[in-house]
Amino acid sequence: MSELSHGILLQEQGKMEEAEACFRSVLAQEPENDFAYNRLALCLLDQEGKKTLALDSIGEAIRIQPEYPFHHAIKSLILASLRRGKDGLEASDVAIALDPEDSFSLATKANAYCAMNRWAEGEEWSRRALAADSDNSMAANLLTHTLRMQGKSDLNAIAVDQMLAANPESDIAHINAGWTALQRGDHRKAEEHFREALRLDPDCDHAREGLVESFRARSPLYRAYLSYCFFMQRFTGGKQWMIIIGIYLVYRFASKALQKVSPLLAGGLTFLWLALVMWVWLAPGIGNLLILLDRNARLALRSSERAQGIAIGGGLILGLIAIGFGFGFDLSPAILGGFGLLISTIPASLTFDNESLPGRIVFGSITAYIYLATIGTVVLEMMNQGKELHAAVMPLGTIGVLAAVICTWLGNVPALRRKKEI
Amino acid sequence: MADIASLKQALAVSPDNLPLLLLLGKAYLEEFQFQDARETFEKVIELEPGNPEARTQVAQILEVEGRSSEAIIRLEQVNAEHPGYATAWMLRAKFALSENDGESARECYDRAVGIDTEVADAELLKRIREAGGNKPSQEKGHPTPMASSDSRAGAFFDADLNEDYEESFDDDEIEIEFEEKPDADFDRVGGMEGVKEEIRMKILYPMENKELFEAYGKKAGGGVLLYGPPGCGKTLISRATAGEINAKFFNIGLHQILDMWIGKSEEKLHEIFEVARRQAPSVLFFDEVDALAADRKDLRASAGRTLINQFLSELDSEAAENDGVLVLGATNAPWHLDSAFLRPGRFDRLIFVPPPDVEAREEIVKIMADGKPVVGLDPANLAKRVKDFSGADIKAVFDQAIEASLGEAMESGKIVPVTQKQLVKAAKAVKPSTRKWFESARNYALYANQSGLYDEILEYLGINK
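Note that the structure is a prediction, hence the values are computed from the model and not measured.

## Quick notes on the overall build of chain B
Alright, step 1. Helix and strand counts for chain B stand at 21 helices and eight strands.
Alright, step 2. In chain B, which comprises 465 residues, the proportion classed as buried is 51%.
Alright, step 3. In chain B, of all internal contacts separated by at least 6 residues, the share reaching a separation of at least 24 is 69%.
Alright, step 4. Summed over its atoms, the accessible surface of chain B is roughly 22,000 Å², and 49% of this surface lies on carbon and sulfur atoms.

## Topic: the overall build of chain A
Alright, step 1. Looking only at helices and strands, chain A features 20 helices and zero strands.
Alright, step 2. When the 422 residues of chain A are sorted by exposure, 48% land in the buried category.
Alright, step 3. Summarising the internal contacts of chain A: among those between residues at least 6 apart in sequence, 56% fall at separations of at least 24.
Alright, step 4. Carbon and sulfur atoms provide 63% of the accessible area of chain A, an area that totals close to 20,400 Å².

## Section: the nonpolar core
Alright, step 1. The biggest cluster of nonpolar side chains holds 72 residues, and the ones touching the most others in it are B:Leu284, B:Phe286, B:Phe311, B:Phe341 and B:Ile457.
Alright, step 2. Among the elements that line this core, the one with the most residues is helix α20 (residues 434-447) of chain B, at seven residues.
Alright, step 3. In this structure, B:Phe341 is in contact with B:Leu292, B:Ala293, B:Ile308, B:Phe311, B:Leu312, B:Leu315, B:Arg346 and B:Phe347, ignoring residues within four places of it in sequence.
Alright, step 4. A:Val26, A:Leu77, A:Ile78 and A:Ala91 belong to the second largest nonpolar core, which has 53 residues in total.

## Here's the deal with the packing of helix α15 (residues 237-261) of chain A against helix α16 (residues 263-292) of chain A
In a pair of packed helices, the angle between the axes and the distance between the axes together describe the arrangement.
All names here are of chain A.
Alright, step 1. The N-to-C vectors of α15 and α16 enclose an angle of 160°; their axes lie 6 Å apart at closest approach. Viewed along their axes, α15 and α16 adopt a mutual orientation that is roughly antiparallel. Two secondary-structure elements touch here, α15 through Ile247, Tyr248, Tyr251, Ala254, Ser255, Leu258, Gln259 and Val261 and α16 through Pro263, Leu265, Ala266, Leu269, Thr270 and Trp273.
Alright, step 2. A breakdown of the residues in the contact of α15 with α16 according to their chemical character gives eleven nonpolar, three polar and no charged.

## Some details on the pairing of strand β4 (residues 282-286) of chain B
Residues and elements named next belong to chain B.
Alright, step 1. Judged by how many residues are buried, β4 sits mostly within the fold: five of five residues are covered.
Alright, step 2. Going residue by residue along β4, you find Ser282, Leu284 and Phe286 tucked away on one face and Val283 and Phe285 tucked away on the opposite face as well.
Alright, step 3. Looking at chain direction, strand β3 (residues 248-252) and β4 are connected through five bridges and run parallel. Within the sheet, the bridge partner assigned to Ile252 lies in β4 and is Phe286.
Alright, step 4. The sheet contact formed by β4 and strand β5 (residues 325-331) spans five bridges and is parallel. Across the sheet, residue Leu284 finds its bridge partner in β5, namely Val327.

## Quick word on the environment of A:Leu290
All names here are of chain A.
Alright, step 1. By the secondary structure assignment, Leu290 is in helix α16.
Alright, step 2. With relative accessibility at 44%, the residue Leu290 sits in the partly exposed group.
Alright, step 3. When the C-alpha positions of Leu290 and Gly309 are compared, they lie 7.9 Å apart, and in sequence the two are 19 residues distant.

## Looking at the environment of A:Arg208
Alright, step 1. As for its position among the elements, A:Arg208 is in helix α13 (residues 205-216).
Alright, step 2. In this structure, the C-alpha to C-alpha distance between A:Arg208 and A:Leu301, residues 93 residues apart in sequence, is 8.3 Å.
Alright, step 3. Those residues in contact with A:Arg208, other than ones at most four positions away along the chain, are A:Leu198, A:Ala300, A:Leu301, A:Arg302, A:Glu305 and B:Tyr447.

## Examining the pattern of salt bridges
Alright, step 1. Evaluation of the coordinates by the stated rule reveals 39 salt bridges over all chains.
Alright, step 2. With a shortest N-O distance of 2.9 Å, A:Arg218 and A:Asp294 are connected by a salt bridge. Here A:Asp294 lies in the loop between α16 and α17 (303-329) and A:Arg218 lies in the loop between α13 and α14 (220-233), a separation of 76 residues in the sequence.
Alright, step 3. Between B:Arg277 and B:Glu274 there is a salt bridge, with the nearest N and O atoms lying 2.7 Å from each other. Of this pair, B:Arg277 and B:Glu274 both sit in helix α13 (residues 264-278), three residues apart, which is roughly one turn of that helix.
Alright, step 4. Assessed through its relative accessible area of 22%, B:Glu274 is described here as partly exposed.
Alright, step 5. When salt bridges with common partners are traced through the structure, they connect A:Asp205, A:Arg208, A:Arg302, A:Glu305 and A:Asp353 into a single cluster.

## Side note on the confidence of the model for chain B
Residues and elements named next belong to chain B.
Alright, step 1. This prediction gives chain B a mean pLDDT of 78; 84% of its residues lie at or above 70.
Alright, step 2. A low-confidence stretch, residues 138-173 stays under pLDDT 50, and its non-local contacts, those more than four residues away or across chains, total 72 contacts.
Alright, step 3. Here the predicted complex scores 0.69 on pTM and 0.78 on ipTM.

## A few points about a negative patch on the surface
All names here are of chain B.
Alright, step 1. Judged by side-chain charge, Glu99, Asp101, Glu103 and Glu107 come together as a negatively charged surface patch.
Alright, step 2. Here Asp101 shows up in the loop between α6 (86-98) and α7 (102-115).
Alright, step 3. Accessibility expressed as a relative area gives 31% for Asp101, which makes it partly exposed.

## Re the packing of aromatic side chains
Alright, step 1. Per the stated rule, a full pass over the model turns up 27 aromatic pairs over all chains.
Alright, step 2. Taken together, a centroid distance of 6.0 Å and an interplanar angle of 70° make the contact between A:Tyr68 and A:Phe70 edge-to-face.
Alright, step 3. Residue A:Tyr68 is classed as buried on the basis of its relative accessible area of 15%.
Alright, step 4. Residue A:Phe70 is classed as partly exposed on the basis of its relative accessible area of 21%.
Alright, step 5. Here the aromatic rings of B:Phe249 and B:Phe285 are separated by 5.8 Å at their centres, their planes lie at 25°, and the arrangement is stacked. With B:Phe249 in strand β3 and B:Phe285 in strand β4, the pair connects residues that are 36 residues apart, well separated along the chain.

## Digging into the packing of helix α12 (residues 187-200) of chain A against α13(A)
Residues and elements named next belong to chain A.
Alright, step 1. Contact pair α12 / α13: the axes reach a minimum separation of 9 Å and the direction vectors enclose 155°. Between α12 and α13, the crossing angle belongs to the class labelled roughly antiparallel. For α12 against α13, the interelement crossing comes out left-handed. Residues His187, Ala190, Glu191, Phe194, Arg195, Ala197 and Leu198 of α12 form the contact with α13, whose participating residues are Ala207, Arg208, Gly210, Leu211, Ser214 and Phe215.
Alright, step 2. Here the residues of the contact of α12 with α13 are counted per class, giving seven nonpolar, three polar and three charged.

## What to know about unusual backbone geometry
Residues and elements named next belong to chain B.
Alright, step 1. In this model, Asn246 sits at a positive phi of 55°, which is unusual for a non-glycine residue.
Alright, step 2. Among the secondary structure elements, Asn246 is positioned in the loop between α12 (234-244) and β3.
Alright, step 3. Of note in the backbone geometry, Glu288 takes a positive phi value of approximately 50° without being a glycine.
Alright, step 4. Following the sequence through the fold, Glu288 ends up in the loop between β4 and α14 (289-292).

Parameters and conventions
- Residues numbered from 1 in each chain as written.
- Chains lettered and ligands numbered in written order.
- Predicted model: local features only at pLDDT ≥ 70, side-chain atom pairs only at ≥ 80, totals over all residues.
- Heavy atoms only, no water.
- Helix = DSSP H or I, 4+ residues; strand = E, 2+ residues; numbered from the N terminus.
- Buried < 20%, exposed > 50% of the residue type's maximum accessible area, 1.4 Å probe, protein only.
- Contact = heavy atoms within 4.5 Å.
- Areas by Shrake-Rupley, 256 points an atom, 1.4 Å probe, with all protein chains shown as cover.
- Core = buried A, V, L, I, M, F, W, Y, C linked by side-chain atoms within 4.5 Å.
- Axes fitted to C-alpha atoms, helices over the stretch in contact; angles between N-to-C directions.
- Parallel < 35°, antiparallel > 145°, perpendicular 65-115°, else oblique.
- Nonpolar A, V, L, I, M, F, W, Y, C, P; charged D, E, K, R; others polar.
- Pairing = 2+ DSSP bridges.
- Salt bridge = Lys/Arg side-chain N within 4 Å of Asp/Glu carboxyl O.
- pLDDT = per-residue confidence, 0-100.
- Patch = residues over 30% accessible without salt bridge, like charges linked within 9 Å, V, L, I, M, F, W, Y side chains within 5 Å.
- Lys, Arg positive; Asp, Glu negative; His and termini not counted.
- Charge placed at Lys NZ, Arg CZ, Asp CG, Glu CD.
- Phe/Tyr/Trp six-rings, centres within 6.5 Å; stacked < 30°, edge-to-face > 60°.
- Left-handed = near helix turned anticlockwise from the far one by under 90°.

If you want it as structure tokens, here you go:
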């Protein structure tokens, strides 16, 4: 077994840092070994914050061996992971031009389309890749993914069954089967598949995330939220916005129309609308709180998800209790404190499990402000002892409410939600 | 393999389909219908006269029918016309072995494996060796460098075949460092009482009271796997184990075995076992054993399956052969081991080596401070502050504190001693490397622990499932 072979073994065992060292050592002795550069690129691609280095490495491989389609296909994968789908498509096209029948290159083109949320084209190219090689697991995975994203449930179910039949020991196949089951609303089956995927690859975070999602989906309300998410995933960013604005306009129109007929009904509709909006933001956090109550399921949560569950679920429950208590015993500090906790749940839902550092800073600061403003309000009101509201309460509260509303819009800014790929 | 009826059905539609005919021929062979198989392969040869696969299969059938000479002639023709067809070389190796011609068998075997590593067969290689085929082929260009199943990977090696490869193995070529009498024993290893007790129960007592343990169905010797985070004393405790039983200690690193030439890594491994057997009682310690005993599922694109088979074969050697040889493997990723290694008779006993406990850390702190200008050292206090630190992490703490002192010494031009305060400050700055390991280990213990192999990890982490 040579050093290169040892590197490949380490890579396939998931020991990327050690494999990287191995490939670098090979390259120190053979600086023109394009295969080692290719393998090094794949190693770097799998490590946090090294994607740009991976691109450099594959660039070297292409410089040495520009006619080898595999290098261009890997370049496409790297570019897609850097969210440069268009550049990824170009690299795939070069690979395909060099070998039009190469299934892997065709699959990377499907992958590049997926990176741009262009599911229909992704489906088409994954089918082409599978036509070239029916055993291409990457293409099979992309096919089920694109079908799921387009809501083609029946076709997806067939594709997943085929994938599982071809390789029942594939964690990817089980992850796909899990998401398909979740889309169908079968959270028990989903849990089985995600558990199996984790048995096959315990370090697979996609499988863990799926398992957590299936635990959350034990709640019918959360399943409704998931259905909404699956529905929205079918569309690209622009269309998603159009749908959100469309639903808002329908609500406004219905609310105005109901005002003329029955103000009570209009009030009910507004309450329902606010509850829905809140639910969209708070569902994962509340789901995490429910998981925390299960001693086995809670082991699947990351510490950030636990914190999110406590901040959101705890904030919501304590807030509602405080409001009820406040109204029951006519205690304004409790009412204001309760509202403060309720409002805090919106920015908190964007803080703890946020991949983006700037996002965590922005939403974390807003959450901290609301907590402090709430404490300040409660203290001022307690000192006020039943007199009129303290002069500072209104501005403190207004800023908090406005900040929470702004969060619902900022929460849709990708740079504040997703980590920057480098 | 598809069944004969369905293959016949398919051939009715497409009677000249070569792949189908080959499948049918093999299906007949599996059912021992040699006449039908031969007719089917002859039809393939009729349609495509040069087809090496069909011709090799016919040769095999002829051999089964006792027409060995004709079989060998046919096979030689295939070898001559299709020198890159590995299966034919492998079959020829088997023919040569049946003639008890170990050398020729070895030459053909090496040639086959040189073309395609997938055809390697450790059992056959063992039989060839027993028949005298101990030396790898010395024909120029053979053995070929190990080719990955990715043909591209193979191509990279082909460019620089080692022309100097002419000598076969002898013991002197294997640079194994071994200690006649390890200077370590359990008394010299601070702390780790739990691990020591486990080793006593699983290794030492069975060796000291062989007959008593055998009466209870427990065996002595064999293989024991030590696993745990890196830098936590697996090598030290292994050396101490050898010291406890007064055995020679062979510390085998991966670099001492791995070789880019086909068959040579396997040879080295075999020789290492042979040396250990000759020097018994001995302890063979394999560090990073997960590379030598990797899960074959992880070897899709890399060569090394034959090495794994060789390792299994050495562990499985007759009890008498390995009598007095204790095989210790150390790994920080036991989950990457092929499950075949965890079966009885191989690494059937697992010992978890956790990060050093407080006594062990105190001991390490004292060792680290020894010979250095450290003043006011409070080992017990520092040991408490470096919870979950591995030995390597504690060394990093000392390195950092010493660097700080060195900086001051450079400025002042005189020796500035390292203080406890500096060490405490460094301990805060250094993050324990074991955390990352436990993150991964926790996942394996939670989700891939059906047989309870990793219960000790859960126990260590205080998780009750």
